[in-house]
Every structure is written in C-alpha cells, then in structure tokens.
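Structure assessment
Chain by chain, the residues run as shown.
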Amino acid sequence: MDTAVIAEAPTRFLVAGMGDALATWFEARSCGATQSENACGGLGTLTGLNLARLCYDTLLEYGVAALVSCKANAVTPALEHVIEANILLSGLGFESGGIAAAHSIHNGLTALPGTHNYYHGEKVALGVLASLFMSGKSKALIDEVYSFCESVGLPTTLAGLGLTGVSPDELKKVAARACIEGESIHHEGGDITPQMVSHALLAADGEGRRRKGIAG
Ligand SMILES: [Zn+2]
C-alpha cells in the first residue's frame, strides 16, 4: 500500500474511511452477541472480534494525529496505523465479524436525496451513533464515540448529512428502509422496528446538537 498516495488525497476520504471503520467493532460485537452470520456465511471468530476491537482502539488512539498528518501531506506512523485500521482491520473485522445496525441505517439514509453528496463512511458514522442509542449504551461509551467523531470531523447530526429540517415522514422512510427483511440491522438483539430506528436517529441527532450547543 502506498500510504504517500493517501497522505496526498483529500482528508475527507480518510475521515470517511474512519467513519466506516468505526462501525466494525460495534457491528462485530452485535453479531457475536446474537450469533449472526458474517459476510462469509459463518459465525464470527475470536480473531475477527479482536481485530475489530483493535480497529476501534487504533482509530481512537491515532485518528486525530492521522488526520493532521494527512492534512499536512505527511506520512507518519499514526497515518499508517489508521490506514491499516480503515482497510485491513475493518475489512477483516467485518468479513469475519459481520455487519449490523450501522450499515442498515446507512442504507436507510440513502433513501433521502439530501444525503447523496455524503460518503458511505459519513453515513455509517451517524448509523453508529444512532445504534448506541438504540441499544442503550452507557453515557461513557456515547461520550467516547461522539468525542471521536467530533475530533476528526465526522457528522454527529442529521444536518451534518445534508438533512436540515428533515420531516417525520422522511425519517419514517429512512427507518423503514433500514429495517427491510434481510437487512443486517436484524443482527442486533431483540426485534428491531422502524420506530426504534427513527427514535434512535432523533436521539443521536439531539445529542450531536446538544454537544454543539445548538438549541432545538
Ligand atoms: Zn461500510
């Protein structure tokens, strides 16, 4: 891999890659907990789960330094670690660990034209944030993931994905699309309904706005 090419590329590609990689650990863990099939039609392995965890830890540890390096067109160990996380660890983690809510919520978000100028990984990142609320994760974890997203410039609100003033009907469309039969969101524990998804998105957006100090 020629990391110099990535160091020269627009930083938004790197950041979007981090958004996609951010989902790896959460989705692999959900699949592990519910014994759901991975991309290869098998069950997750300890190897996959631990690679997914390493992916998450690497993003948190080196994400900001990688972003700074990429902006400066500088190849540094931090940038190389994050490229490894984005491509190798994320790829292996999802192939052997499986995908879940974040990618289905991404698929739901693509139902709205407003999101079409945003990259896959940017939509997946908001999917991760919504999934934290959907599955009732701890405040500590929610804070950790939002802080990471904010530190590298991943979207944490609906407006951040081109969905300023999204209507309840549009949100319903997103949620319905995310929950169609066969979607990986059903790898999450329990019966996942469209209403759970739209409420999780509203909560994630509310938290993102609260942290930014935007009223409403
Ligand atoms: Zn992805």
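Because the structure is predicted, anything quoted here is derived from the model rather than measured.

The secondary structure content of the chain amounts to nine helices and zero strands. For the chain, the N- to C-terminal ordering of α and β elements is α-α-α-α-α-α-α-α-α. Radius of gyration (C-alpha) of the chain: 16 Å, near the 17 Å computed for a compact globule of 216 residues. Each of the 216 residues in the chain was classed as buried or not, and the buried ones make up 46%. A fraction of 78% describes how many contacts in the chain between residues 6 or more apart in sequence connect residues 24 or more apart.

What follows deals with helix 6 (residues 120-134). The end-to-end C-alpha separation of helix 6 is 21 Å, in line with the 21 Å expected for 15 residues at 1.5 Å each. Here helix 6 lies mainly inside the structure; 13 of its 15 residues are buried. A positive backbone phi angle near 65 degrees is found at Gly-136, which sits one or two residues after helix 6.

So, on to the coordination of the zinc ion. The protein atoms donating to the zinc ion are Asp-20 (OD), His-103 (NE2) and His-120 (NE2), with metal-donor distances spanning 2.0 to 2.1 Å. Along the chain, the residues that donate to the zinc ion are spaced as D-x82-H-x16-H. On the criterion of sequence distance, the pair formed by Asp-20 in helix 2 (residues 11-34) and His-103 in helix 5 (residues 101-109) is long-range, its members being 83 residues apart. In this structure His-103 comes out as buried when scored by relative accessible area, which is 13%.

Attention shifts here to the packing of helix 5 against helix 8 (residues 168-178). Where helix 5 meets helix 8, the closest approach of the two axes is 7 Å, and the angle between their N-to-C directions is 135 degrees. The angle between helix 5 and helix 8 falls in the class oblique. Helix-helix and strand crossings are classified by hand; for helix 5 and helix 8 the assignment is right-handed. Contact with helix 5, carried on its side by Ser-104, Ile-105, Asn-107, Gly-108 and Leu-109, involves Val-174, Arg-177 and Ala-178 of helix 8 and no other residues of that element.

Moving on, we get to the confidence of the model for the chain. The predicted coordinates should not be examined in detail at positions where pLDDT is low. Summing up the model confidence of the chain, the mean pLDDT is 92 and the portion of residues at 70 or higher is 97%. Across the chain, the secondary-structure element scoring lowest on mean pLDDT is helix 1 (residues 3-8), at 71, and the one scoring highest is helix 7 (residues 139-152), at 98.

Further remarks concern unusual backbone geometry. Backbone geometry follows two general trends: most residues other than glycine have a negative phi, and most peptide bonds adopt the trans configuration. For Asn-73, which is not a glycine, the phi torsion comes out positive at approximately 55 degrees. Locating Asn-73 in the fold gives a position in the loop between helix 3 (46-71) and helix 4 (77-97).

Let us now look at the domain arrangement of the chain. Domain annotation for the chain reports domain 1 (1-98) and domain 2 (100-216). Taken over C-alpha atoms, the centre of domain 1 sits 19 Å from the centre of domain 2. Domain 1 puts 23 residues into the contact, and the matching count from domain 2 is 27 residues. Summed over both partners, the interface of domain 1 with domain 2 comes to about 2000 Å²; 66% of that surface belongs to carbon and sulfur atoms.

What follows is about the packing of helix 5 against helix 6. Running from N to C, helix 5 and helix 6 point in directions that differ by 120 degrees, and their axes come no closer than 7 Å. Classified by the interaxial angle, the pair formed by helix 5 and helix 6 is oblique. Crossing of helix 5 against helix 6: the hand is right-handed. Contacts between helix 5 and helix 6 involve Ala-101, Ala-102, His-103, Ile-105, His-106 and Leu-109 from the first element and His-120, Lys-123, Val-124, Leu-126, Gly-127, Val-128, Ala-130, Ser-131 and Met-134 from the second. For the contact of helix 5 with helix 6, a count of residues per class yields nine nonpolar, five polar and one charged.

Assignment of secondary structure puts Ser-167 in the loop between helix 7 and helix 8. A relative accessible area of 27% places Ser-167 in the partly exposed class. When the C-alpha atoms of Ser-167 and Glu-95 are compared, they prove to be 35 Å apart, with 72 residues separating the residues in sequence.

Calculation notes
- Residues numbered from 1 in each chain as written.
- Predicted model: local features only at pLDDT ≥ 70, side-chain atom pairs only at ≥ 80, totals over all residues.
- Heavy atoms only, no water.
- Helix = DSSP H or I, 4+ residues; strand = E, 2+ residues; numbered from the N terminus.
- Rg over C-alpha atoms; globule rule 2.2 N^0.38 Å.
- Buried < 20%, exposed > 50% of the residue type's maximum accessible area, 1.4 Å probe, protein only.
- Contact = heavy atoms within 4.5 Å.
- Expected span 1.5 Å × (residues − 1).
- Donors = N, O, S within 2.8 Å, 3.2 Å for Na, K, Ca; no water.
- Axes fitted to C-alpha atoms, helices over the stretch in contact; angles between N-to-C directions.
- Parallel < 35°, antiparallel > 145°, perpendicular 65-115°, else oblique.
- Left-handed = near helix turned anticlockwise from the far one by under 90°.
- pLDDT = per-residue confidence, 0-100.
- Domains from an automatic or database assignment.
- Buried area = accessible area lost by both parts, 1.4 Å probe.
- Nonpolar A, V, L, I, M, F, W, Y, C, P; charged D, E, K, R; others polar.

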